[in-house]
Amino acid sequence: MATYESVLSVEGLEAGYGESPVNRGVSFSVRSAEVVGLLGANGAGKTTLLNVISGFIKPTAGSVTFERTSLIGRRPDQVAGLGVIQVSQFMDLFLDMSVEDNLRLGATCALGRVENGRGALDAVFNSFPRLAERRGQKVGTLSGGERRMVAIGRSMMGHPKLLLLDEPSGGLSPQFVAEIGTICGRLKEQGATMLIVEQNFDLVFKVADRILIMREGEIVYDETAAATREKFSDHELARFVYL
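Treat the numbers as computed from the prediction; the structure is a model and nothing was measured.

Thresholds applied
- Residues numbered from 1 in each chain as written.
- Predicted model: local features only at pLDDT ≥ 70, side-chain atom pairs only at ≥ 80, totals over all residues.
- Heavy atoms only, no water.
- Salt bridge = Lys/Arg side-chain N within 4 Å of Asp/Glu carboxyl O.
- Helix = DSSP H or I, 4+ residues; strand = E, 2+ residues; numbered from the N terminus.
- Buried < 20%, exposed > 50% of the residue type's maximum accessible area, 1.4 Å probe, protein only.
- Pairing = 2+ DSSP bridges.
- Contact = heavy atoms within 4.5 Å.
- Axes fitted to C-alpha atoms, helices over the stretch in contact; angles between N-to-C directions.
- Parallel < 35°, antiparallel > 145°, perpendicular 65-115°, else oblique.
- Left-handed = near helix turned anticlockwise from the far one by under 90°.
- Nonpolar A, V, L, I, M, F, W, Y, C, P; charged D, E, K, R; others polar.
- Expected span 1.5 Å × (residues − 1).
- Phe/Tyr/Trp six-rings, centres within 6.5 Å; stacked < 30°, edge-to-face > 60°.
- Lys NZ or Arg CZ within 6 Å of the ring centre and 35° of its normal.

K.L.:
Is there a simple way to explain the pattern of salt bridges in this structure?
P.N.:
Any two side chains of opposite charge can pair if their charged atoms end up close together. Across all of its chains, the model carries 14 salt bridges by this definition. Across the salt bridge formed by lysine 188 and aspartate 209, the nearest N and O atoms sit 2.7 Å from each other. Pair noted here: lysine 188 is in helix 7 (residues 174-189) and aspartate 209 is in the loop between helix 8 (201-207) and strand 9 (210-215), with a separation of 21 residues, a long-range link. Relative accessible area serves as the criterion here: at 27%, lysine 188 is assigned to the partly exposed category. In this structure, aspartate 222 and arginine 210 form a salt bridge, with 2.9 Å as the shortest nitrogen-oxygen distance. Within this pair, whereas aspartate 222 is found in strand 10 (residues 218-224), its partner arginine 210 is found in strand 9, the two being separated by twelve residues in sequence. When salt bridges with common partners are traced through the structure, they connect Arg130, Glu133, Arg134, Glu146 and Glu179 into a single cluster.

And the structure:
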């Protein structure tokens, strides 16, 4: 249940690569215990936005604050240490290491902020029974859907205050898309605060409280998920996401 206290605030954000601007005047907020879905076509600037929030890209203008602390100029590890944790669409896992070892690495981002250990690992295995069965297996031998579970589970080891999910269903079979949707729903029930970048709008609408739509680097729409469902047909939503 949302408390409606903003934890993330983005104002007038401008960012890009070299001389090529990608994000243009982006402004929005995410409230505590709120799930926000960010929709948009490939190249709209969604991943760039997450990378700015996470500290991988330095913006050219604007502000990003989390719990009244500026994230501008902070390294990715410092941002993660504050509780803002991103699950990249590329997952960035260590394929020659076991599932358990990959998960344990996720606890390091929270050192000095929360107590980590066996309890966190047990909680992840309870949420992902499939990973518990494969805890000693090398990640490189897992399916794409299982690797995505490892990536999300690793982020949970850091006890995120804000979870940034970049295309969690990308490239997965319908079976695993459904499982990822169930996992996101479970996190929502636990009170997680999430910003989910997705093109699968069916998955987004199952968990999101609010919808943002990005086009050509700008936020062009910001409304509740319920109002968005009433306003747009599936065909119209598909145009926003794929065109």
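K.L.:
How should I be thinking about the sheet that holds strand 1 (residues 6-17) in this particular structure?
P.N.:
The pairing of strands in a sheet comes from backbone hydrogen bonds and takes either a parallel or an antiparallel form. Read across the sheet, four strands follow the order 2-1-4-5 without closing on themselves; strand pairing throughout is antiparallel. A strand with exactly one partner marks an edge of an open sheet, and here the two such strands are strand 2 (20-31) and strand 5 (69-70). Taken together, the five bridges between strand 1 and strand 4 (residues 61-66) define a ladder with antiparallel strand orientation. From the neighbouring strand, valine 10 faces strand 4, where its bridge partner is valine 64. Packing of helix 1 (residues 46-54) onto the sheet brings it into contact with strand 1, strand 2 and strand 4, and relative to strand 2 it is tilted by some 70°.

K.L.:
Can you help me understand the packing of helix 6 (residues 144-157) against helix 7 in this one?
P.N.:
Two numbers describe a pair of packed helices, the interaxial angle and the distance between the axes. In contact at an axis separation of 10 Å, helix 6 and helix 7 are set at 15° when each is read in the N-to-C sense. In terms of orientation, helix 6 lies roughly parallel with respect to helix 7. The handedness of the crossing between helix 6 and helix 7 comes out as right-handed. Where helix 6 approaches helix 7, its residues Gly145, Glu146, Arg148, Met149, Ile152 and Met156 are matched on the opposing element by Phe176, Glu179, Ile180, Ile183 and Leu187. Per-class residue counts for the contact of helix 6 with helix 7 are seven nonpolar, one polar and three charged.

K.L.:
Is there a simple way to explain the pairing of strand 9 in this structure?
P.N.:
Taken residue by residue, a regular strand's side chains alternate between the two faces of the sheet. For strand 9, the tally of buried residues reaches five of six residues, placing the bulk of the element in the interior. The sheet contact formed by strand 3 (residues 35-39) and strand 9 spans four bridges and is parallel. Bridge pairing in strand 9 places valine 36 opposite arginine 210. Count of turn residues in the strand 9/strand 10 antiparallel hairpin: two residues, of which glutamate 216 carries a positive phi of about 50°.

K.L.:
Help me understand the sheet that holds strand 9, please; the structure alone is not making it clear to me.
P.N.:
Here six strands make up an open sheet; going across it, the order is 6-7-8-3-9-10 and the pairing mixed. The two strands at the open ends of the sheet, each matched to only one other strand, are strand 6 (84-87) and strand 10. Neighbouring strand axes in the sheet, compared pairwise and without regard to direction, differ in orientation by 15° on average. Packed onto the sheet, helix 6 meets strand 6 and strand 7 (162-166) and runs at close to 175° relative to strand 6.

K.L.:
Explain helix 7 to me, please; I cannot follow it from the model alone.
P.N.:
Each full turn of the α-helix corresponds to 3.6 residues, which orients residues three or four apart in the same direction. End to end, helix 7 covers 23 Å across 16 residues, agreeing with the expected 22 Å (1.5 Å per residue, within 8%). Considered for burial, the residues of helix 7 that qualify are Phe176, Val177, Ile180, Gly181, Ile183, Cys184, Gly185 and Leu187. Each element contacted by the buried residues of helix 7 is listed here: helix 5 (129-133), helix 6, strand 7, strand 8 (194-198) and helix 8. Where helix 7 terminates, the next one or two residues include glycine 191, which has phi positive at roughly 90°.

K.L.:
In this structure, what is going on with unusual backbone geometry? I would like to understand it.
P.N.:
In the Ramachandran plot, alanine 33 falls in the positive-phi region, its phi being about 65° despite a non-glycine side chain. On the secondary structure map, alanine 33 appears in the loop between strand 2 and strand 3. A positive phi angle, close to 50°, is found at glutamate 216, a residue other than glycine. Considering the arrangement of structural elements, one finds glutamate 216 in the loop between strand 9 and strand 10.

K.L.:
Where do I start with the packing of aromatic side chains in this structure?
P.N.:
Aromatic ring pairs are defined here through the distance separating the ring centres and the angle between the ring planes. If you walk through the whole model with that rule in mind, you get one aromatic pair. Centre to centre, the rings of tyrosine 221 and phenylalanine 232 are 5.3 Å apart; their planes meet at 65°, and the pair counts as edge-to-face. Residue tyrosine 221 is found in strand 10, and its partner phenylalanine 232 is found in the loop between helix 9 (225-231) and helix 10 (234-242); the two are separated by eleven residues along the sequence. The cationic tip of arginine 229 hangs over the ring face of phenylalanine 205; the distance from NZ or CZ to the ring centre is 4.5 Å.

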